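# Coordinate analysis (summary)
Read off the chains here:
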Amino acid sequence: AGGRLAQIRAMAQQKQVEAARPDPQEALNERVEGALQRAHAFFKELVEQMNLANAPIGSRGYSLTGVPEYDAFTWKAGHADFATREVSNTKKLWERVSLSFTLSTNGGKALQFNREFPANERLRQALGECKIEYRSRDTLTEKGSLKHTTFEIPCEVKAYLELAAKYDTGKIVLRTRNVSHFGNHEHTIGPEAIDDASLDELTGFILGESPRLGPLMLRGA
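Here's a quick rundown of the structure. Computed from a prediction, not measured in an experiment: that's the story for all the values here. (Residues numbered from 1 in each chain as written. Predicted model: local features only at pLDDT ≥ 70, side-chain atom pairs only at ≥ 80, totals over all residues. Heavy atoms only, no water.)

## Let's talk about the sheet that holds strand 6 (residues 146-153)
Backbone-to-backbone hydrogen bonds pair the strands of a sheet. The strands run either parallel or antiparallel. With respect to topology, three strands assemble into an open sheet ordered 4-6-5, the strand pairing being antiparallel. Taken across any chain shown, the strands that pair with only one partner, and hence form the sheet edges, are strand 4 (111-115) and strand 5 (135-140). Neighbour to neighbour, the strand axes of the sheet diverge by 20 degrees on average, direction disregarded. Bridge count between strand 4 and strand 6: five bridges; the pairing is antiparallel. Pairing of Q112 across the sheet is with E152, part of strand 6. Packing of helix 3 (residues 119-129) onto the sheet brings it into contact with strand 4, strand 5 and strand 6, and relative to strand 6 it is tilted by some 25 degrees. (Pairing = 2+ DSSP bridges. Helix = DSSP H or I, 4+ residues; strand = E, 2+ residues; numbered from the N terminus. Axes fitted to C-alpha atoms, helices over the stretch in contact; angles between N-to-C directions. Contact = heavy atoms within 4.5 Å.)

This is how it looks when you write it as structure tokens:
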């Protein structure tokens, strides 16, 4: 009973027990990937419907010092996407899902206005930080000094939202650019926070109904 075969039998049984134990990392991966897949399915349908509806978007957050106030925006076009990476010959993991969209106002006509120094330089910096495309032309005096800068800004805003997996921690990083208002933001959230209620709340943020992310999406941060 205490011979070598018994010892080998015990070792084999222990290996079987260990193999049957769930891998905690696998459980984390499933929760994170499931959350990304839920978000992508929601974003895909949201974009399809918004592209048809051209729904109005709140414009109160889209203001910059030195730029004339925008009128109300409408949804122009959007696109939902996802990316994966190979972790083995037979398995891929979802890396991120994204939602990009363009808002339009003023019938698509560009805003044109003049700004003098140093307001022109401050505006150039602000437009660059918000990744807003623009054209500018300097007008000089007869003596060659700057008189003013003429800016031409398209009446549209390009916005982007991304959910990126952090499998090592079991979390998801939510990044936004020009969503609901100009600027970039980043939040770390738990995969359990992504459900029907929080995605509906997030839609309100995208539509400009709220100036910030709601508490449901920030659960598990």
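Resuming the write-up.
## Section: the nonpolar core
If you look at the biggest cluster of nonpolar residues, it comprises 51 residues, and the most contacted ones within it are F43, L163, I194, L202 and I206. Here this core takes eight residues from helix 2 (residues 24-53), the largest share from any one element. Each residue touching F43, except ones within four places of it in the same chain, is listed here: A80, V97, S98, L99, L161, L163, L199 and L202. (Core = buried A, V, L, I, M, F, W, Y, C linked by side-chain atoms within 4.5 Å. Buried < 20%, exposed > 50% of the residue type's maximum accessible area, 1.4 Å probe, protein only.)

## What about the sheet that holds strand 8 (residues 171-177)?
Taken in spatial order, the six strands of this open sheet run 1-2-3-7-8-9, and their pairing is antiparallel. Only two strands of the sheet have a single neighbouring strand rather than two, namely strand 1 (56-57) and strand 9 (184-189). Taken together, the nine bridges between strand 3 (residues 92-104) and strand 7 (residues 156-166) define a ladder with antiparallel strand orientation. Within strand 7, the residue paired with L99 across the bridge is L161.

## Quick notes on the environment of S63
Within the secondary structure, S63 is located in the loop between strand 1 and strand 2 (73-86). Residue classification places S63 among the partly exposed positions, given a relative accessible area of 37%. When the C-alpha atoms of S63 and H181 are compared, they prove to be 7.7 Å apart, with 118 residues separating the residues in sequence. Sequence-distant contacts of S63, that is, excluding residues within four places in its chain, are made with E69 and F182.

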